[in-house]
Amino acid sequence: VVILLGDHLYLPEWTDKFIRSPDFFYTTQPAIDELGWLLTQLRRICPKAEIVYLEGNHEARLSNYVAMHLGAAYGLKTANMPDGTPPALSVPNLLGLKGLGIKYLAPYPDGEHWLNSNLSAGHGETVRSGSGETVKAILHELRHSYICGHIHRCEMASETRYTRHGARTYVCISPGTIARLDGPIPKAKKRMNWSQGCAKVEYEPDGMEFFRAEPIPIWDGRAIYDGTIVCGEDYINEFRRAKKLRDGAK
């Protein structure tokens, strides 16, 4: 199972939250093209995997903006499409998720994917400023273990509670972000407390419902996984070649 925790589209053109500089005009189509290509590569690499995409607050900007400013377009679909087909102006439709066999869980913040009755994944809506404070706050609210995104940094905490049936330990994990940290993404301030990373989770679907989460931090484009240093590469030229082929250019 591959779980995408959301905020893979930033969509600065579709929010009234801040003043948009001209740098972010006409960025929606390039972002959709690039993310669509990335998701296609993910499906190619994992042809049999269940892939789940959790809507984040940034993806939700599109439907919120349409509802607030383009009411006549809200919920419009292509003619004669069956029930359950996403609206024409929606993230699942624009990314072609149905064709890729990717399940989109929305609306934010309700989307949640359960791995077993003790462990779920969601985008998250809780934010605390200090390192480690967000996962601690989430643990205070929940009575199960949780994997979240939203805060764009690596955090992990555990808490043991005692019930009539004995001790029960819960864990909350924020694996980090795969977004760039060097400037292009709008931020509340110049130096944000963000960090890159992902996680591998092994879990027991039945029985005692154990699980083991392995955070994989990414530093300067490199990660250590299974004793090997994995180095990231710039894929922009590969993406451009694919786009040219799609557009019919030689």
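How each quantity is defined
- Residues numbered from 1 in each chain as written.
- Predicted model: local features only at pLDDT ≥ 70, side-chain atom pairs only at ≥ 80, totals over all residues.
- Heavy atoms only, no water.
- Salt bridge = Lys/Arg side-chain N within 4 Å of Asp/Glu carboxyl O.
- Helix = DSSP H or I, 4+ residues; strand = E, 2+ residues; numbered from the N terminus.
- Buried < 20%, exposed > 50% of the residue type's maximum accessible area, 1.4 Å probe, protein only.
- Pairing = 2+ DSSP bridges.
- Axes fitted to C-alpha atoms, helices over the stretch in contact; angles between N-to-C directions.
- Contact = heavy atoms within 4.5 Å.
- Phe/Tyr/Trp six-rings, centres within 6.5 Å; stacked < 30°, edge-to-face > 60°.
- Lys NZ or Arg CZ within 6 Å of the ring centre and 35° of its normal.

Going through the model one piece at a time under the given rule, you end up with 10 salt bridges. Between Glu133 and Lys136 there is a salt bridge, and its shortest N-O distance comes to 3.3 Å. Of this pair, Glu133 and Lys136 both sit in helix α5 (residues 133-141), 3 residues apart, roughly one helical turn. Across the pair Arg168 and Glu209 runs a salt bridge, and its minimum N-O distance is 4.0 Å. Of this pair, Arg168 sits in strand β8 (residues 166-175) while Glu209 sits in the loop between β9 (196-203) and β10 (211-218), and the two are 41 residues apart along the sequence. The class of Arg168 is partly exposed, set by a relative accessible area of 35%. By relative accessible area, Glu209 is classed as buried at 18%.

Below, the discussion takes up the sheet that holds strand β7 (residues 154-163). By way of backbone hydrogen bonds, the strands of a sheet pair with one another, either parallel or antiparallel. Across the sheet, 5 strands lie side by side as β4-β5-β6-β8-β7; this open sheet has mixed pairing. What marks the edges here is a single partner per strand, and that holds for β4 (112-116) and β7. Strand after strand, the sheet turns through a mean of 15 degrees between neighbouring axes, direction not considered. With 4 bridges connecting them, strand β5 (residues 119-122) and strand β6 (residues 145-148) associate as parallel partners. Its bridge partner lying in β6, Gly122 is registered against Cys148. On top of the sheet, α5 reaches β6, β7 and β8; it is set at about 25 degrees to β7, its chief contact.

What follows is about the sheet that holds strand β2 (residues 51-54). In space, the 3 strands of this open sheet follow the order β1-β2-β3, with parallel pairing throughout. Both outer strands of the open sheet, β1 (2-4) and β3 (102-105), are each paired with one neighbouring strand and no more. The mean inter-strand angle of the sheet, taken between neighbouring strand axes irrespective of direction, is 20 degrees. In the packing of helix α1 (residues 28-45) onto the sheet, contacts are made with β1, β2 and β3, and the angle to β2 comes to roughly 150 degrees.

Tallied over the entire structure, the rule returns 5 aromatic pairs. Measuring from ring centre to ring centre gives 6.4 Å for Phe25 and Tyr26, while their planes differ by 80 degrees; the resulting arrangement is edge-to-face. Overall, the relative accessible area of 41% leaves Phe25 in the partly exposed class. One aromatic cluster in this structure is built from Trp37, Tyr235 and Phe239. Above the ring of Tyr10, the side-chain terminus of Arg61 is found at 4.8 Å from the ring centroid.

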